[in-house]
Amino acid sequence: MSNEICHPRYEEYGIIQWSNSRTIVVFSVLIINGSRLAKTRRKAEFILWLAQREQDVFGLGMVGFDLGDLPWSLDDFEKEKIFLLKVIESAKEELGCGVVKLGTHPEVLRGDLEDLRMLILNFTDEDLRTAYLLKEELKDIGGRGLPVEMPPQLEKCKIHRVLLTQYGCYVCNNLS
Ligand SMILES: [Zn+2]
């Protein structure tokens, strides 16, 4: 079973498929680096959105997403995209920042991160507007994707320095 990360124009850009265990490793390095780089609540929202995608909660193979589901804002899309690309680039360089043993070969992991970087790089303002309209359309039937739940205060795991969700620390929960 695997998790799929989709570009809305997947015919052109393809779909990323990661096994359940690979998903955990990729998400972990993104969450570790993202928690370090997110200096505002708004940026933290993206990292928490990802960290909330716990397979123990939603099920194995159920935490994939479409890029349009990320908590983008229509006005600040370009800035948010730059932030996410920065998180991915940092993850490619720093990987787990030495805070955790990953169990995946660094070059394999860098390849996965590069696949994700290319997918986001090719996600445009227009893709977001299309995704936004679709979300509005689906609102009445319960919508799609997972809304981000923001904790009243941003706190970090004392061991891994990652932002804590309502489920706790993603790294403690999945890699320890
Ligand atoms: Zn932790």
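In the block above lies the structure referred to throughout.
Residues numbered from 1 in each chain as written. Predicted model: local features only at pLDDT ≥ 70, side-chain atom pairs only at ≥ 80, totals over all residues. Heavy atoms only, no water.

Draft legend 1. How the structure looks around a positive patch on the surface. A grouping of Arg36, Lys39, Lys43, Lys86, Lys156, Lys158 and Arg161 is seen on the molecular surface, where their side chains present a positively charged patch. Mapped onto the elements of the fold, Lys86 is located in helix α5 (residues 77-94). Note on Lys86: relative accessible area 46%, which makes it partly exposed. (Patch = residues over 30% accessible without salt bridge, like charges linked within 9 Å, V, L, I, M, F, W, Y side chains within 5 Å. Areas by Shrake-Rupley, 256 points an atom, 1.4 Å probe, with all protein chains shown as cover. Salt bridge = Lys/Arg side-chain N within 4 Å of Asp/Glu carboxyl O. Lys, Arg positive; Asp, Glu negative; His and termini not counted. Charge placed at Lys NZ, Arg CZ, Asp CG, Glu CD. Helix = DSSP H or I, 4+ residues; strand = E, 2+ residues; numbered from the N terminus. Buried < 20%, exposed > 50% of the residue type's maximum accessible area, 1.4 Å probe, protein only.)

Draft legend 2. Representation of the sheet that holds strand β1 (residues 2-6) in the model. Across the sheet, which stays open at both edges, the three strands sit in the order β2-β1-β3 with mixed pairing between neighbours. Two strands in the sheet have a free side with no partner beyond their single neighbour: β2 (15-19) and β3 (65-66). By the bridge criterion, five bridges tie β1 to β2 in an arrangement that is antiparallel. Counterpart to Glu4 in the pairing with β2 is Gln17. This element, helix α6 (residues 106-121), spans β1 and β2 of the sheet and lies at about 150 degrees to β2. (Pairing = 2+ DSSP bridges. Contact = heavy atoms within 4.5 Å. Axes fitted to C-alpha atoms, helices over the stretch in contact; angles between N-to-C directions.)

Draft legend 3. Structural context of the packing of aromatic side chains. Within the structure shown, the criterion is met by seven aromatic pairs. Consider the rings of Trp72 and Phe123, whose centres lie 5.5 Å apart with planes at 20 degrees: the pair is stacked. Note that Trp72 is positioned in the loop between β3 and α5 and Phe123 in the loop between α6 and α7 (125-138), a separation of 51 residues in sequence. Through a chain of ring-to-ring contacts, the aromatic side chains of Phe27, Trp49, Phe65 and Tyr170 assemble into a single cluster. Between the NZ or CZ atom of Arg53 and the centre of the ring of Trp49, over which it lies, the distance is 4.3 Å. (Phe/Tyr/Trp six-rings, centres within 6.5 Å; stacked < 30°, edge-to-face > 60°. Lys NZ or Arg CZ within 6 Å of the ring centre and 35° of its normal.)

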